[in-house]
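The primary structure of each chain is shown beneath.
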Amino acid sequence: MRLSLREVSLNFGGVRALDGVSFDVEPGSVHAVIGPNGAGKSSCFNAVCGIYAVGGSIRLGDRELTGLPPHVVAGLGVARAFQNIALGGADTVLDNLMVARHHLTGAGFVSAGLGLRRVRREEHRHRLRVTEIAEFSGLADVLDTPVAELSYGDRKRVEFARALAMEPRVLLLDEPVAGMTYHEKAATVALIRETREVLGVSVVLVEHDMPLVMGLADRITVLDFGRVIADGPPAHVREHPDVLRAYLGAHP
Amino acid sequence: MSRPTSKVTRYAGTAAALLLLLAMPYYLDAFWLQVGAFVMAAIIGAIGLTVLVGSAGQLSLAHAFFLAVGAYGYAFLAGEPGAGSAGTTLSGPGLPTTVAALLAVALAGAAGLAFSPVAGRLHGLYLGVASLGLVFLGQHVLFNARPVTGGFNGRPIPELSVLGFELTGDEPDLVLLGVPFGARERLWYMALLCAVAAYVVAGRIVRGRPGRALRLMRQNPIAAASMGVPLRRYRAGAFVFSAMYAGVAGILIALTARRVVPDHFGLVLSVEYLAMVVIGGLGSVRGAAVGAAFITGTPLVLSHYGDAIGVFARPGEDGIDAATAVRLLYGAAIVAFVIGSAQKGRPHAITITMDRARRALPGVSRRRLQRQGR
Ligand SMILES: Nc1ncnc2c1ncn2[C@@H]1O[C@H](COP(=O)(O)OP(=O)(O)OP(=O)(O)O)[C@@H](O)[C@H]1O
Ligand SMILES: [Mg+2]
């Protein structure tokens, strides 16, 4: 399903975090959003997820997302892995992944409290699926470990797996390899490739590691001060004078 | 993952504890049974609060208010019109007592729901302060709505009965295995049943889908919303849940005390419940139960035996009387517990202390064995 942003804008006081941002994420593609610090990449994700009210239009397929609250957007198949790890620290990896099933499950206070058979079956079924996803993400060994006891790289990986466990159509990854070791990075890159191939989801990737982005993305959108300064396949973006200027401060 | 053997021992332990609790009325006198009923009522109330404060992260100082709604709701709905003390005239629809009890719980839930526009928008300290208003509102109503509440002197509590069998009274006579089952014995069983049910239900909720959603909501609301958790609904849901648990607890307190008075449901009670869930470890159902037993049971027991110990001043004499000594003692104990858990950087004060004690036990007995061997 295509994700399209049209003229999306967002202000924080005097700061224009997003200024008429438009781009399309083709179904099943890896689409990178890059730009210097403070360019508005995370704000872009926040806009898509419905965290902030924005101007313009954001559509998933033919559903309009702007104006919807975050939990409804999640239910429509948009999943997000956060730049700053946003997990439940005291809870186990399994519990953290199970939260991602929230929009796919239905047990409420009453039915869970009564321990209805329907609830126990649902729990069991989703636990199996979540365990599969954990194995796929290389987290099988730490399922019962509290997240707070994991290494930084592993927590990043849980963040990724949790987004995956939402069974999304569009996966928003905000700097998924930041702070990882060389080997952890390689594993995550392989994981992103596999996710796209096996599950067929579209991936929107925010990342500062240029070689990684150039190797992974089908298309790249470059933001600077909240504006799109370039958009196209990696080869096109790499040569773009505005991009060179934004990154290197070079003058033409 | 727990090994099957440890599961078996855990089940065996639970079964043994339950059997012990079931057998208590054969061994304990009326005083202890009454303490037990108060403790079990507090356990229910504290479990409701720990889910709200510990899991959902919604600080509430309104617990005394919801306890009062349960207690007075039952007293009024089951009460007959008549003359109260100090010249007040009491009104009351005189509903069948079981209906009155269910309605009183529903009423507490409805009060929680009515507060949920506030509870859904605020969190943390802000909600704590806002919820404080409910306690003051409650106190005002309890003292002044005399036909309903009986005012300063409160209202008597009708016995709870099912089809003519009093669950909390002496009618009709019942003797089991040579022991007369009077009001206190029956109350003990009813309170036990309610407490066990409340414990099991809350445990399932906390471990299940709602509990996971609440905990992530506490730690990172934006992440929870992005996972599909409707924040306002869950904040409100946690409030209603905790209000209904408070309602049940309030009814049990009323049935045990046999009379409700407004003074009991002041801010101090709210703070006591917060203390229960804090020393038990926020969010821990087991901890809340232990904390409730400690905070409720200790003062009752100590003031009962205070006279026997004989170091305390009698009422009217100078010096520290038993009730004051109790407050000092358990105040100190709370501080000790909280410091102990804060230093460990872990929240489960009492349960950790218990676990540590259990782990230490084999060592102690080993040392004792060595000493005997020598
Ligand atoms: N909640 C907020 N309140 C105020 N200003 C904000 C907020 N969130 C972001 N901003 C501002 O909006 C701009 C864009 O921030 P954003 O986090 O989207 O950048 P980014 O491209 O993700 O940067 P980084 O690479 O450092 O993660 C920045 O100037 C930032 O200070
Ligand atoms: Mg960012």
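See the structure printed just above.
Just so it is clear, the structure is predicted and the values come from calculations on it, not from any experiment.

A. Fine view of the overall build of chain B. Looking only at helices and strands, chain B features 14 helices and eight strands. Here chain B, with 374 residues, has 48% of them falling under the buried criterion. A sequence separation of at least 24 residues applies to 72% of the contacts in chain B between residues at least 6 apart. Surface summary for chain B: the accessible area is close to 17900 Å², and the carbon and sulfur share equals 67%.

B. A look at the site of ligand 1. Residues and elements named next belong to chain A. In the vicinity of ligand 1 there are 14 residues, among which Asn 37, Gly 38, Lys 41, Ser 42 and Ser 43 approach most closely. In this structure, an oxygen atom belonging to ligand 1 sits 3.2 Å away from a main-chain N or O atom of Ala 39. In the model, an oxygen atom of ligand 1 is placed 2.6 Å from a nitrogen or oxygen of the Ser 43 side chain. Out of a free accessible area of 630 Å², ligand 1 has 64% covered by protein chains. Contributing elements (two or more residues each) for the shell around ligand 1: strand 2 (15-25) and helix 1 (41-49). In terms of residue count, the dominant contributor to the shell around ligand 1 is helix 1 (three residues). Grouping the amino acids of the shell around ligand 1 by side-chain chemistry returns five nonpolar, seven polar and two charged.

C. Representation of a nonpolar patch on the surface in the model. All names here are of chain B. Taken together, the side chains of Leu 18, Leu 21, Val 196, Tyr 199 and Val 200 define a hydrophobic patch exposed on the protein surface, amounting to about 340 Å² of accessible area. Within the fold, Leu 21 resides in helix 1 (residues 4-23). Its relative accessible area of 31% is what places Leu 21 among the partly exposed residues.

D. Region of the structure containing the sheet that holds strand 1 (residues 3-12) of chain A. Pairing is antiparallel across the open sheet formed by four strands, whose spatial order is 2-1-4-5 (chain A). Each end of this open sheet is capped by a strand with a single partner; those strands are strand 2 and strand 5 (63-64) of chain A.

E. Looking closely at the sheet that holds strand 8 (residues 202-206) of chain A. Residue and element names in this part refer to chain A. The six strands lie next to each other as 6-7-8-3-9-10, forming an open sheet whose pairing is mixed. In the strand order of this sheet, the two ends are held by strand 6 (78-81) and strand 10 (227-232), each with one partner. The average angle at which neighbouring strand axes cross in this sheet is 15°, direction not considered.

F. Up close: the packing of aromatic side chains. The full count for this structure, using the stated rule, is 10 aromatic pairs over all chains. Between B:Phe115 and B:Phe239, the ring centres sit 5.2 Å apart and the planes meet at 45°, which makes this aromatic pair tilted. With B:Phe115 in helix 4 (residues 97-119) and B:Phe239 in helix 10 (residues 231-257), the pair connects residues that are 124 residues apart, well separated along the chain. For the pair shown, B:Phe115 and B:Phe239 are each scored as buried. Judged by centre distance (4.4 Å) and plane angle (35°), the ring pair of B:Phe241 and B:Tyr245 falls under tilted. Linking B:Phe241 with B:Tyr245, this pair stays in helix 10, spanning four residues, or about one helical turn. A single burial state applies to B:Phe241 and to B:Tyr245, both of which are buried. Members of the aromatic cluster, joined through ring pairs, are A:Phe109, B:Tyr234, B:Phe241 and B:Tyr245.

G. How the structure looks around helix 4 of chain B. Residues and elements named next belong to chain B. Between the first and last C-alpha of helix 4 there are 31 Å, a value that for 23 residues agrees with the 33 Å anticipated at 1.5 Å per step. Among the residues of helix 4, those classed as buried are Thr 97, Ala 100, Ala 101, Ala 104, Val 105, Ala 108, Gly 109, Ala 111, Gly 112, Phe 115, Ser 116 and Ala 119. The elements touched by buried residues of helix 4 are helix 3 (63-78), helix 5 (124-144), strand 4 (161-162) and helix 10.

H. Region of the structure containing the interface of chain B and chain A. Contact residues are listed per partner, giving 25 residues for chain B and 31 residues for chain A. Summing both sides of the interface, chain B and chain A together bury roughly 2500 Å²; the carbon and sulfur share of this comes to 61%. Per-residue buried area on chain B facing chain A is highest for B:Arg209, B:Arg212 and B:Met227; these three make up 32% of the total on that side. Where chain B packs against chain A, one counts three salt bridges. For the salt bridge of A:Glu123 with B:Arg212, the shortest nitrogen-to-oxygen distance reads 2.8 Å. Between chain B and chain A we count nine residue pairs in polar contact (both at pLDDT 80 or more) in total. Among the secondary structure elements, those contributing two or more residues to the side of chain B that touches chain A are helix 7 (183-207), helix 8 (209-219), helix 9 (221-226) and helix 10 of chain B. When residues of the side of chain B that touches chain A are assigned to their parent elements, the largest contribution, eight residues, is made by helix 8 of chain B. Per-class residue counts for the side of chain B that touches chain A are 16 nonpolar, five polar and four charged.

I. Here's a closer look at the pairing of strand 4 (residues 55-60) of chain A. Residue and element names in this part refer to chain A. In this sheet, strand 4 lies alongside strand 1 in antiparallel orientation, the contact comprising five bridges. Bridging from a neighbouring strand, Arg 6 pairs with Ser 57 of strand 4. Taking the residues between adjacent antiparallel strands as the criterion, strand 4 and strand 5 are bridged by two residues, where Gly 61 takes a positive phi near 60°.

J. Geometry of the packing of helix 2 (residues 30-55) of chain B against helix 7 of chain B. Residue and element names in this part refer to chain B. Direction vectors running N to C along helix 2 and helix 7 enclose 20°, while the axes themselves pass 9 Å from each other. With respect to their mutual orientation, helix 2 and helix 7 come out roughly parallel. Relative to helix 7, the crossing made by helix 2 is left-handed. Counting all contacts with helix 2, which are made through Ala 30, Trp 32, Leu 33, Gln 34, Gly 36, Ala 37, Met 40, Ile 44, Ile 47, Val 51 and Ser 55, the residues of helix 7 involved are Arg 184, Glu 185, Leu 187, Trp 188, Ala 191, Leu 192, Cys 194, Ala 195, Ala 198, Tyr 199, Ala 202 and Val 206.

K. Layout of the pattern of salt bridges. Residue and element names in this part refer to chain A. Summed over all chains, the structure comprises 19 salt bridges over all chains. Between Glu 132 and Arg 129 there is a salt bridge; the shortest N-O distance is 2.9 Å. Pair noted here: Glu 132 and Arg 129 are both in helix 5 (residues 117-136), with a separation of three residues, about one helical turn. Classification of Glu 132 as partly exposed rests on a relative accessible area of 44%. A single salt-bridge network, built from bridges that share partners, covers Arg 101, Arg 129, Glu 132 and Glu 167.

L. Summary view of the coordination of the magnesium ion (ligand 2). Residues and elements named next belong to chain A. Around the magnesium ion (ligand 2), the protein supplies Ser 42 (OG) and Gln 83 (OE1) as donor atoms, at distances of 2.0 to 2.1 Å. In this pair, Ser 42 sits in helix 1 while Gln 83 sits in the loop between strand 6 and helix 3 (93-99), placing the two residues 41 residues apart along the sequence. In this structure Gln 83 comes out as partly exposed when scored by relative accessible area, which is 29%.

Parameters and conventions
Residues numbered from 1 in each chain as written. Chains lettered and ligands numbered in written order. Predicted model: local features only at pLDDT ≥ 70, side-chain atom pairs only at ≥ 80, totals over all residues. Heavy atoms only, no water. Helix = DSSP H or I, 4+ residues; strand = E, 2+ residues; numbered from the N terminus. Buried < 20%, exposed > 50% of the residue type's maximum accessible area, 1.4 Å probe, protein only. Contact = heavy atoms within 4.5 Å. Areas by Shrake-Rupley, 256 points an atom, 1.4 Å probe, with all protein chains shown as cover. Near = heavy atom within 4 Å. Polar contact = N/O pair within 3.5 Å; in protein donor to acceptor, adjacent residues only side chain to side chain. Nonpolar A, V, L, I, M, F, W, Y, C, P; charged D, E, K, R; others polar. Patch = residues over 30% accessible without salt bridge, like charges linked within 9 Å, V, L, I, M, F, W, Y side chains within 5 Å. Salt bridge = Lys/Arg side-chain N within 4 Å of Asp/Glu carboxyl O. Pairing = 2+ DSSP bridges. Axes fitted to C-alpha atoms, helices over the stretch in contact; angles between N-to-C directions. Phe/Tyr/Trp six-rings, centres within 6.5 Å; stacked < 30°, edge-to-face > 60°. Expected span 1.5 Å × (residues − 1). Buried area = accessible area lost by both parts, 1.4 Å probe. Parallel < 35°, antiparallel > 145°, perpendicular 65-115°, else oblique. Left-handed = near helix turned anticlockwise from the far one by under 90°. Donors = N, O, S within 2.8 Å, 3.2 Å for Na, K, Ca; no water.

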